[in-house]
Amino acid sequence: QVQLVESGGGLVQAGGSLRLSCAASTRTFSNYAVAWFRQAPGKEREFVAGRNWSGFSTRYADSVKERFTISRDNAKNTVALEMNSLKPEDTAVYYCAAELYSQRVGVSPREYHHWGQGTQVTVSS
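All residue numbers refer to position in the chain's written sequence, counted from 1. Under the rules for a predicted model, residues below a pLDDT of 70 receive no local features and side-chain atom pairs below 80 are neither given nor counted, while totals for whole chains, interfaces and linings still include all residues. Water and hydrogen atoms play no part in the side-chain values, which are based on all heavy atoms of the structure.

Draft legend 1. Molecular detail of the overall build of the protein chain. Strands are runs of DSSP state E lasting at least 2 residues, helices are runs of H or I lasting at least 4, and numbering of each runs from the N terminus. From N to C terminus, the protein chain includes zero helices and 11 strands. For a compact globule of 125 residues, the expected C-alpha radius of gyration is about 14 Å, and the protein chain comes in at 13 Å, within 12% of that figure. Reported as C-alpha extents along the three principal axes, the dimensions of the protein chain are approximately 40 × 25 × 25 Å. Three labels apply to residues, based on accessible area from a 1.4 Å probe with only protein chains included: buried if under 20% of the type maximum, exposed if over 50%, partly exposed otherwise in between. Taken over 125 residues, the protein chain has a buried fraction of 46%. For the charge count, each Lys or Arg is scored as positive and each Asp or Glu as negative, with His and the chain ends excluded. By convention, the point assigned to a charge is CZ for Arg, NZ for Lys, CD for Glu and CG for Asp. Averaging the positions of the 14 positive and the 11 negative side-chain charges in the protein chain gives two centres separated by 3 Å. In this setup the radius of gyration rests on C-alpha atoms only. A globule is expected at 2.2 Å times the number of residues raised to 0.38.

Rendered as structure tokens:
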């Protein structure tokens, strides 16, 4: 069972930037598709960005395109989410997710078996 630990959340003003990081407990993290989801109070968990295990396919939610960037460092077993031009509507708990050998960039939480505990991102107006 791979464990995922997120870090980097916090409070930022609108227009600012944050970088989230997710560290995996497995040395074979390169074999996993990875994704970031977020969940705001009273709302369902939604897909933000993801990359398949081969790394050749990357996908973003329309709401974050050209503002957020997902990247991974397989040597360090980490995946990051660089968030720029943040908006108050980006406020949510952000979760890292992973799925072994997935060639798809799944956008449903049901497509991922491994989850981190989440990190809070709050964007003030």
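What follows continues from the structure just given.
Draft legend 2. Region of interest: the nonpolar core. With 34 residues, the main nonpolar core has Trp 36, Leu 81, Met 83 and Tyr 94 as its most contacted residues. Sorting the residues of this core by element identifies strand S3 (18–24), strand S4 (32–39), strand S5 (46–51), strand S7 (68–73), strand S8 (78–83), strand S9 (92–100) and strand S11 (119–124) as the ones contributing at least two each. To qualify as a nonpolar core, a set must consist of buried Ala, Val, Leu, Ile, Met, Phe, Trp, Tyr and Cys residues joined through side-chain atoms within 4.5 Å.

Draft legend 3. Representation of the pairing of S8 in the model. Taken across its six residues, S8 has five buried, putting it largely inside the fold. When S3 meets S8, the two strands line up antiparallel, connected through six bridges. Its bridge partner lying in S8, Ala 23 is registered against Thr 78. When DSSP finds at least two bridges between two strands, those strands are taken to pair. Relative to S8, S7 runs antiparallel, the two being bridged by six bridges. Along S8, the bridge assignment pairs Arg 72 with Val 79. Hairpin geometry of S7 and S8 is characterised by an intervening segment of four residues between the two adjacent antiparallel strands and by a positive phi of about 55 degrees at Asn 77.

Draft legend 4. Structural detail: the state of the cysteines. Only a pair of cysteine sulfur atoms within 2.5 Å qualifies as a disulfide here. Throughout the structure, instances matching the rule amount to one disulfide. With its sulfur 2.2 Å from that of its partner, Cys 22 forms a disulfide with Cys 96. Where Cys 22 bonds to Cys 96 through sulfur, the torsion about that S-S bond is close to -80 degrees, and the disulfide is left-handed. Highlighted residues: Cys 22 in strand S3 and Cys 96 in strand S9, separated in sequence by 74 residues. For Cys 22, a relative accessible area of 0% corresponds to the buried category. Accessibility expressed as a relative area gives 0% for Cys 96, which makes it buried.

Draft legend 5. Spatial organisation of the environment of Pro 109. Checked against the element boundaries, Pro 109 lands in the loop between S9 and strand S10 (114–115). Accessibility expressed as a relative area gives 27% for Pro 109, which makes it partly exposed. C-alpha of Pro 109 to C-alpha of Pro 41: the two residues are 68 residues apart in sequence and 17 Å apart in space. With residues near it in sequence (within four places) discarded, Pro 109 still touches Phe 37, Arg 45 and Trp 115. Contacts are assigned to residue pairs with any non-hydrogen atoms lying within 4.5 Å of each other.

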